[in-house]
Amino acid sequence: MHILEVENVCKSFGTTRILKNISFSMDKGETLSIIGSSGSGKTTLLRCLNFLEHPDQGRILVNGNAIFDASENRKKTDAEIRKDRLHFGLVFQSFNLFPQYTALQNVMLAMELLARERSDYKADKKRIHQEIEEHAVSLLADMGLSDRMQNYPHQLSGGQCQRVAIARALALEPDILCFDEPTSALDPELTGEVLRVIRSLAEKDTTMIIVTHEMAFARDVADTVIFMDDGAILEQGDPQKVFSNPSEERTRQFLTRFRDQSV
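The notes below deal with the structure included here. Please read all numbers here as calculations on a predicted model, not as lab measurements.

1. A short note on the packing of helix α3 (residues 103–115) against helix α4 (residues 125–142)
Phase 1: It is the contact of α3 with α4, at a shortest axis distance of 9 Å, that shows an interaxial angle of 140 degrees. As far as their axial angle goes, α4 and α3 are oblique. Considering the relative orientation of α3 and α4, their crossing is right-handed. Facing α3, whose interface residues are Ala103, Leu104, Val107, Met108, Met111, Glu112 and Ala115, α4 presents Ile128, His129, Ile132, Glu133, His135, Ala136, Val137, Leu139 and Leu140.
Phase 2: Here the contact of α3 with α4 is built from residues that sort into 12 nonpolar, two polar and two charged.

2. With respect to the environment of Phe95
Phase 1: Note that Phe95 resides in the loop between β6 (88–91) and α3.
Phase 2: For Phe95 and Thr183, which are 88 residues apart along the polypeptide, the C-alpha to C-alpha distance reads 9.9 Å.
Phase 3: Dropping the residues within four chain positions of it, Phe95 is found in contact with Gly158, Cys161, Gln162, Ala165, Arg168 and Leu186.

3. Comments concerning the pattern of salt bridges
Phase 1: Under the criterion given, the structure shown has 12 salt bridges.
Phase 2: Residue Arg163 is joined to Glu193 by a salt bridge in which the shortest nitrogen-to-oxygen separation is 2.9 Å. Taken together, the residues Arg163 in helix α5 (residues 158–171) and Glu193 in helix α6 (residues 188–203) connect sequence positions 30 residues apart. Of the two residues, Arg163 and Glu193, both sit in the buried class.

4. Digging into the pairing of strand β2 (residues 16–26)
Consecutive residues of a regular strand have side chains that alternate between opposite faces of the sheet.
Phase 1: Strand direction decides the pairing type here: strand β1 (residues 4–13) and β2, joined by seven bridges, are antiparallel. Looking at the pairing, Val9 lines up with Ile22 of β2.
Phase 2: The hairpin turn running from β1 into β2, its antiparallel successor, is two residues long, and Gly14 in that turn takes a positive phi close to 65 degrees.

5. Concerning the sheet that holds strand β10 (residues 232–237)
Phase 1: Ordered by their spatial adjacency, six strands build an open sheet running β6-β7-β8-β3-β9-β10, and the pairing between neighbours is mixed. Only two strands of the sheet have a single neighbouring strand rather than two, namely β6 and β10. Strand-to-strand twist of the sheet, defined as the mean angle between neighbouring strand axes without regard to direction, takes the value 20 degrees.
Phase 2: Relative to strand β7 (residues 176–180), β6 is paired through four bridges, and the arrangement is parallel. Counted as the bridge partner of Phe88 is Ile176 from β7.
Phase 3: Its contacts with the sheet put α6 on β3 (31–36), β7 and β8 (208–211), and the angle it makes with β8 is roughly 150 degrees.

6. Some points on the sheet that holds β1
Phase 1: One open sheet accounts for four strands, arranged β2-β1-β4-β5; its pairing is antiparallel. Unpaired on one side and paired on the other, β2 and β5 (65–69) mark the two borders of the sheet. Strand-to-strand twist in this sheet, taken as the mean axis angle between neighbours without regard to direction, amounts to 20 degrees.

7. With respect to the side chain of Arg168
Phase 1: The residue Arg168 is located in helix α5 in this model.
Phase 2: Notably, Arg168 is buried but unbridged: the nearest opposite-charge side chain belongs to Asp180, and the N-O separation is 12 Å.
Phase 3: Of note is the side chain of Arg168, whose polar atom sits 2.9 Å from the backbone oxygen of Phe95.
Phase 4: For Arg168, the residues in contact, after removing those within four places along its chain, are Phe92, Phe95, Asn96, Leu97, Phe98, Asn106 and Val107.

8. Some remarks on α4
Phase 1: Helix length check: α4, at 18 residues, gives a terminal C-alpha distance of 26 Å against a target of 26 Å (1.5 Å per residue), a fit within 8%.
Phase 2: Along α4, the residues that are buried comprise Ile128, Ile132, Ala136, Leu139 and Leu140. Taken down its axis, α4 places every buried residue within 105 degrees of arc, on the same side. Turned more than 90 degrees away from the buried face of α4 sit Lys126 and Asp142, all of them exposed.
Phase 3: Where α4 is buried, its residues touch α3 and α5.
Phase 4: Positioned one or two residues after α4, Gly144 has a phi angle of 75 degrees, which is positive.

Cut-offs used in this document
Residues numbered from 1 in each chain as written. Predicted model: local features only at pLDDT ≥ 70, side-chain atom pairs only at ≥ 80, totals over all residues. Heavy atoms only, no water. Axes fitted to C-alpha atoms, helices over the stretch in contact; angles between N-to-C directions. Helix = DSSP H or I, 4+ residues; strand = E, 2+ residues; numbered from the N terminus. Parallel < 35°, antiparallel > 145°, perpendicular 65-115°, else oblique. Left-handed = near helix turned anticlockwise from the far one by under 90°. Contact = heavy atoms within 4.5 Å. Nonpolar A, V, L, I, M, F, W, Y, C, P; charged D, E, K, R; others polar. Salt bridge = Lys/Arg side-chain N within 4 Å of Asp/Glu carboxyl O. Buried < 20%, exposed > 50% of the residue type's maximum accessible area, 1.4 Å probe, protein only. Pairing = 2+ DSSP bridges. Lys, Arg positive; Asp, Glu negative; His and termini not counted. Polar contact = N/O pair within 3.5 Å; in protein donor to acceptor, adjacent residues only side chain to side chain. Expected span 1.5 Å × (residues − 1). Arc of directions from axis to C-beta.

It is worth stressing that arrangement in space is one thing and function is another; only the former is reported here.
Spelled out as structure tokens, the structure:
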């Protein structure tokens, strides 16, 4: 059974079609890289998976269960949407940390909010809070931030902020970790920091979708690469084949232009 199946997902804003019959599947432990020009629909696809945007058509299944099916013609409640979002951890390109909270508090926040819905929360509040804090401390340690846990976002570098954001996305143990151009706001040195963390997650068989313009990284880390153009998947397959010998002329043009711009 695939961990994720996306079937003919479409999304429009007004009369503009942003996603056009997007279909792909992933297995547990797989890393999928999505590449393509700005405006090709990559970020909108991630936002639809996480229900920050709602698709107009199609189906999305996680572990065989449909978390979105346009044919049902039923609007989900906010509680149902929150539950479905737990399948995906999303790392934004601009961190989106809460500036009034420390690194540790940013990682703990979602866990604390969910804990309040537990039937035993009032009786065991102290113990639950301690467990949440220990989990957050462990995640930040994994990110190499043991000495930065009490720092606020403005006291951290961009790379450190992004590593906090990754820890936060991992905190709820999602089925799939999604990255939306996680290094686009970083300089080359900080980009290397974040890519090393993502590479280590891939080595641990974390299931990931990575929207990126880091072509060499996408080629080396991904199990599958998708090339999107004008809201559609134009090509998908083994990274070595897609990058070395793309079957579509539009893919070839994109990769050639990107290499030229990177020189």
